[in-house]
Amino acid sequence: GAVVSQHPSWVICKSGTSVKIECRSLDFQATTMFWYRQFPKQSLMLMATSNEGSKATYEQGVEKDKFLINHASLTLSTLTVTSAHPEDSSFYICSASPRNQPQHFGDGTRLSIL
Amino acid sequence: QKEVEQNSGPLSVPEGAIASLNCTYSDRGSQSFFWYRQYSGKSPELIMSIYSNGDKEDGRFTAQLNKASQYVSLLIRDSQPSDSATYLCAVNRGAAGNKLTFGGGTRVLVKP
């Protein structure tokens, strides 16, 4: 089945640090990847759609200058949380799918900002 | 009204019984429907997809879709303690790989 790899799985850093999270499709090419955020005891909230070779599409209320997305190849999208603060602490999850197939999720990145 | 609604639970089910989960959606243009299972602290795992009205069975899981009534359900037969998790209903427009709208999830507890 489709495999989506996400790295790192856990990040703890100081307030003001920028953190980069990688999402890779291992056995298929993905022109589109999705980034979600999940706070404790809440459901997944879509942050943005990452489009290969073009700008990401952000959901309403998500700051594009704070959450930088780069999708430079058909197998890699990155999310950079710039100048992270404690309120950015959350579980960040990416997803991707082979053409016309359901989305599969990476293992997620737990981000803790001190 | 939320786009995708689920009862948050917890749904408590004795081991070996059937767990029945329901999901309603508001967008009549929705064409693809999914059930994901999420264990605490983990990312969602796809367990079922359904695209046309009726039932779809896969092992102990059966998904049911009724587009006229705008609901999709999931039955878990012979529930096991390992089925204890949060089950997320997700829908999208168009192709299966399009962006998903998730419900809030139903927490299921299977008691030995």
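Quick note: structure is the one above.
Summary of the structure given here. (Residues numbered from 1 in each chain as written. Chains lettered and ligands numbered in written order. Predicted model: local features only at pLDDT ≥ 70, side-chain atom pairs only at ≥ 80, totals over all residues. Heavy atoms only, no water.)

1. Focus on the state of the cysteines
Next up, step 1: If you walk through the whole model with that rule in mind, you get 2 disulfides over all chains.
Next up, step 2: In this model, B:Cys23 is linked to B:Cys89 through a disulfide, with the two sulfur atoms separated by 2.1 Å. Taking the torsion about the S-S bond as the criterion, the B:Cys23 to B:Cys89 disulfide, at about -70°, is left-handed. On the criterion of sequence distance, the pair formed by B:Cys23 in strand β3 (residues 19-25) and B:Cys89 in strand β9 (residues 85-93) is long-range, its members being 66 residues apart.
Next up, step 3: For B:Cys23, a relative accessible area of 1% puts it in the buried group.
Next up, step 4: With no disulfide of its own, A:Cys13 has A:Cys94 as its nearest cysteine by sulfur position, at a separation of 18 Å.
Next up, step 5: Judged by relative accessible area, A:Cys13 falls into the buried class, the value being 11%. (Disulfide = S-S within 2.5 Å. Helix = DSSP H or I, 4+ residues; strand = E, 2+ residues; numbered from the N terminus. Buried < 20%, exposed > 50% of the residue type's maximum accessible area, 1.4 Å probe, protein only.)

2. Describing the layout of surface pockets
Next up, step 1: Considered as a void within the structure, the largest pocket measures approximately 1200 Å³ in volume.
Next up, step 2: Lining the largest pocket we find 43 residues, and of these A:Gln38, A:Gln42, A:Ser43, A:Leu44 and B:Gly104 sit closest to its centre.
Next up, step 3: Residue contributions to the lining of the largest pocket peak at 4 residues, all from strand β11 (residues 106-111) of chain B.
Next up, step 4: Here the lining of the largest pocket is built from residues that sort into 17 nonpolar, 16 polar and 10 charged.
Next up, step 5: Across the lining of the second largest pocket, the residue classes break down as 4 nonpolar, 7 polar and 1 charged. (1 Å grid on protein atoms, 1.4 Å probe; cavity = no way out; pocket = protein on both sides within 12 Å on 5 of 7 lines; lining within 4 Å. Points joined across faces, edges and corners; volume = space filled by probe spheres on them. Nonpolar A, V, L, I, M, F, W, Y, C, P; charged D, E, K, R; others polar.)

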